[in-house]
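Geometric and topological summary
Read off the chains here:
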Amino acid sequence: MESTLHQQISAMKQSLLDEGFVDGHFVELELLEDGDNLHFTEEIITLFFTDSARLIVDVEKELNNDPIDYSKVDKILHQFKGSSSSVGANRVRLQGTKLRESCKDGDVEGWKAALKQLKKEHATLKEKLDTYFQLVKQLGSEKKTVWHPNEGQVDMLAKNQLMKMAITKDEKVEFGHKEDMVKKGTGKEPGKVVTEEEAVKVVSDEESVQMVAK
């Protein structure tokens with residue numbers, strides 16, 4: 001059952017990435033989770049949706065004024081861009097940018113269409129992430145937002161992260177809430193980047209070293 005949930009979560013996250021709903025910033029949020037806060041990403045995303053929904057309402061109110069103060073609209077959308085970028089809400093951010101550009105051009109029909117699409121993208125992302133986090137919660141205390149190398153479930157972005165890791169004898173880094181270790185490569189000196197193949201090998205207690213980002 002747990003393995004099936006892992007597969008569902010991994011597949012859904014990859015789909016969100018492939019379809020552009022989220023980007024690498026979302027993955028980075030998950031990498032910040034640890035044993036003390038397994039729901040860090042969900043909490044940040046919840047705050048984002050609360051804040052971004054308010055900003056969309058504010059923009060709509062400003063655009064309904066006559067005359068429209070486009071400078072106020074631009075400030076709100078600038079804030080919206082920063083908020084959506086920070087959590088990796090990629091398609092929402094892009095649509096917000098389209099709305100901002102239409103407003104700058106004074107293109108009434110353009111910003112009306114862009115606002116409508118922004119609200120749609122925002123609602124769709126919320127629905128998809130609600131489903132994603134529901135699956136994550138089902139794993140309970142065993143949930144891992146980034147699959148560990150020794151489980152053979154490292155997704156593409158996590159692999160890229162691993163390939164940027166460097167070997168050292170004295171320091172360590174945590175992925176999710178477990179410490180991941182790799183075997184010291186033959187002829188590799190501390191501080192050099194390991195290959196993907198080396199990164200996904202499981203170490204023995206006798207010859208383990210740990211990784212830090214270069």
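Residues numbered from 1 in each chain as written. Predicted model: local features only at pLDDT ≥ 70, side-chain atom pairs only at ≥ 80, totals over all residues. Heavy atoms only, no water.

Per an unreviewed UniProt entry, the chain goes by the name Histidine-containing phosphotransfer protein and belongs to Vitis vinifera. According to the UniProt record, the Function (unreviewed entry) comment for the chain is "Functions as a two-component phosphorelay mediators between cytokinin sensor histidine kinases and response regulators (B-type ARRs). Plays an important role in propagating cytokinin signal transduction." (UniProt positions renumbered as here; feature names shortened; annotations may be inferred.)

The next subject is the environment of F80. Turning to its location among the elements, F80 is positioned in helix α4 (residues 70-87). For the pair F80 and V59, spaced 21 residues apart in sequence, the C-alpha separation works out to 9.8 Å. (Helix = DSSP H or I, 4+ residues; strand = E, 2+ residues; numbered from the N terminus.)

A separate point is the side chain of T41. Looking at where T41 falls in the secondary structure, it is placed in helix α3 (residues 40-63). Once residues lying within four places of it in the same chain are set aside, the contact partners of T41 are F26, L29, E30, E33 and F133. (Contact = heavy atoms within 4.5 Å.)

Let us now look at a negative patch on the surface. A grouping of E101, D105, D107 and E109 is seen on the molecular surface, where their side chains present a negatively charged patch. Here E109 is to be found in helix α6 (residues 108-138). (Patch = residues over 30% accessible without salt bridge, like charges linked within 9 Å, V, L, I, M, F, W, Y side chains within 5 Å. Areas by Shrake-Rupley, 256 points an atom, 1.4 Å probe, with all protein chains shown as cover. Salt bridge = Lys/Arg side-chain N within 4 Å of Asp/Glu carboxyl O. Lys, Arg positive; Asp, Glu negative; His and termini not counted. Charge placed at Lys NZ, Arg CZ, Asp CG, Glu CD.)

Let's shift gears to helix α2 (residues 24-31). When α2 is considered as a whole, its buried residues turn out to be F26, V27, L29 and E30. Buried positions in α2, seen along its axis, are confined to an arc of 155° and lie on one side of it. Near the N-terminus of α2, the side chain that reaches the backbone nitrogen of H25, with its oxygen 3.0 Å away, is that of D23. (Buried < 20%, exposed > 50% of the residue type's maximum accessible area, 1.4 Å probe, protein only. Arc of directions from axis to C-beta. Polar contact = N/O pair within 3.5 Å; in protein donor to acceptor, adjacent residues only side chain to side chain.)

Remark: α4 packs on helix α5 (residues 90-104), axes separated minimally by 9 Å, with the N-to-C direction vectors making an angle of 165°. By the angle between their axes, α4 is roughly antiparallel relative to α5. Crossing hand, α4 versus α5: left-handed. Residues Y70, V73, D74, L77, H78, F80, K81, S84 and S85 of α4 lie in contact with α5, whose contacting residues are V92, R93, G96, L99, R100, C103 and K104. For the contact of α4 with α5, the residue count by class is 7 nonpolar, 4 polar and 5 charged. (Axes fitted to C-alpha atoms, helices over the stretch in contact; angles between N-to-C directions. Parallel < 35°, antiparallel > 145°, perpendicular 65-115°, else oblique. Left-handed = near helix turned anticlockwise from the far one by under 90°. Nonpolar A, V, L, I, M, F, W, Y, C, P; charged D, E, K, R; others polar.)

The next point concerns the packing of α2 against α3. Running from amino to carboxyl end, α2 crosses α3 at an angle of 130°, the nearest separation of the two axes being 8 Å. By the angle class used here, α2 and α3 are oblique. On α3, the residues touching F26, L29 and E30 of α2 are F40, T41, I44 and I45. For the contact of α2 with α3, the residue count by class is 5 nonpolar, 1 polar and 1 charged.

Moving on, we get to the UniProt feature "modified residue: Phosphohistidine" (unreviewed entry) in the chain. Feature annotation in UniProt assigns "modified residue: Phosphohistidine" (unreviewed entry) to the following positions: H78. Along the chain, H78 falls in helix α4.

The subject of this paragraph is the packing of aromatic side chains. The relation between two aromatic rings is expressed through the spacing of the ring centres and the mutual angle of the planes. Tallying each qualifying case throughout the model produces 4 aromatic pairs. Aromatic side chains Y132 and F133 sit 5.4 Å apart centroid to centroid with 70° between the ring planes, which places their arrangement in the edge-to-face category. With respect to class, Y132 is no different from F133; both count as buried. In textbook terms, an aromatic cluster arises when at least three aromatic residues are bridged by ring pairs, as seen for F26, Y132 and F133. We note R91 situated over the ring of F21; from NZ or CZ to the ring centre the distance is 3.8 Å. (Phe/Tyr/Trp six-rings, centres within 6.5 Å; stacked < 30°, edge-to-face > 60°. Lys NZ or Arg CZ within 6 Å of the ring centre and 35° of its normal.)

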